[in-house]
Amino acid sequence: MQKPLSPDQIAGLAGNQEQAAELYLTARVAIDPEHVAEKAFLQSLSRALQLPDALVSHLDAQVA
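Our subject in this report is the structure included herewith. Keep in mind that this is a model prediction, so the values were computed, not measured.

1. Here's the deal with the overall build of the chain
Logical step 1: Looking only at helices and strands, the chain has four helices and zero strands in total.
Logical step 2: Each helix and strand of the chain, ordered N terminal to C terminal, gives the series α-α-α-α.
Logical step 3: For the chain, the C-alpha radius of gyration of 11 Å lies close to 11 Å, the compact-globule estimate for 64 residues.
Logical step 4: Taken along the three principal axes of its C-alpha coordinates, the chain extends 30 × 30 × 15 Å.
Logical step 5: The proportion of buried residues among the 64 residues of the chain is 25%.
Logical step 6: Within the chain, contacts between residues at least 6 apart in sequence are counted, and of these 62% link residues at least 24 apart.
Logical step 7: For the chain, the accessible area works out to roughly 4600 Å², and carbon and sulfur atoms hold 54% of it.
Logical step 8: Charge centroids of the chain, computed over 4 positive and 8 negative side chains, lie 7 Å from each other.

2. A word on the side chain of Ser46
Logical step 1: Residue placement: Ser46 occurs in helix 3 (residues 36-48).
Logical step 2: Here Gln43 takes part through its backbone oxygen, which lies 2.9 Å from a polar atom of the side chain of Ser46.
Logical step 3: The contacts of Ser46, once residues within four sequence positions are left out, are Tyr24, Leu51 and Val56.

3. Some remarks on the pattern of salt bridges
Logical step 1: Following the criterion strictly, the structure yields one salt bridge and no others.
Logical step 2: Residue Asp60 pairs with Arg28 through a salt bridge whose shortest N-O separation is 3.3 Å. Residue Asp60 is found in helix 4 (residues 53-63), and its partner Arg28 is found in helix 2 (residues 17-30); the two are separated by 32 residues along the sequence.
Logical step 3: Its relative accessible area of 13% is what places Arg28 among the buried residues.

Calculation criteria
Residues numbered from 1 in each chain as written. Predicted model: local features only at pLDDT ≥ 70, side-chain atom pairs only at ≥ 80, totals over all residues. Heavy atoms only, no water. Helix = DSSP H or I, 4+ residues; strand = E, 2+ residues; numbered from the N terminus. Rg over C-alpha atoms; globule rule 2.2 N^0.38 Å. Buried < 20%, exposed > 50% of the residue type's maximum accessible area, 1.4 Å probe, protein only. Contact = heavy atoms within 4.5 Å. Areas by Shrake-Rupley, 256 points an atom, 1.4 Å probe, with all protein chains shown as cover. Lys, Arg positive; Asp, Glu negative; His and termini not counted. Charge placed at Lys NZ, Arg CZ, Asp CG, Glu CD. Polar contact = N/O pair within 3.5 Å; in protein donor to acceptor, adjacent residues only side chain to side chain. Salt bridge = Lys/Arg side-chain N within 4 Å of Asp/Glu carboxyl O.

This is the structure we're talking about:
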């Protein structure tokens, strides 16, 4: 908690696209995208995870 991982570091934990989607979904549940900085983090994370925009939209809809 004192030194949070960067989006690139988190992306490095994913071994495949399914794991990448799970990591994004976990972050999305924990983060409030109404805050500008947190929304920017999610966008950076989705890019670092190389997730397709359609998948990101689907995951966001699941949380909502």
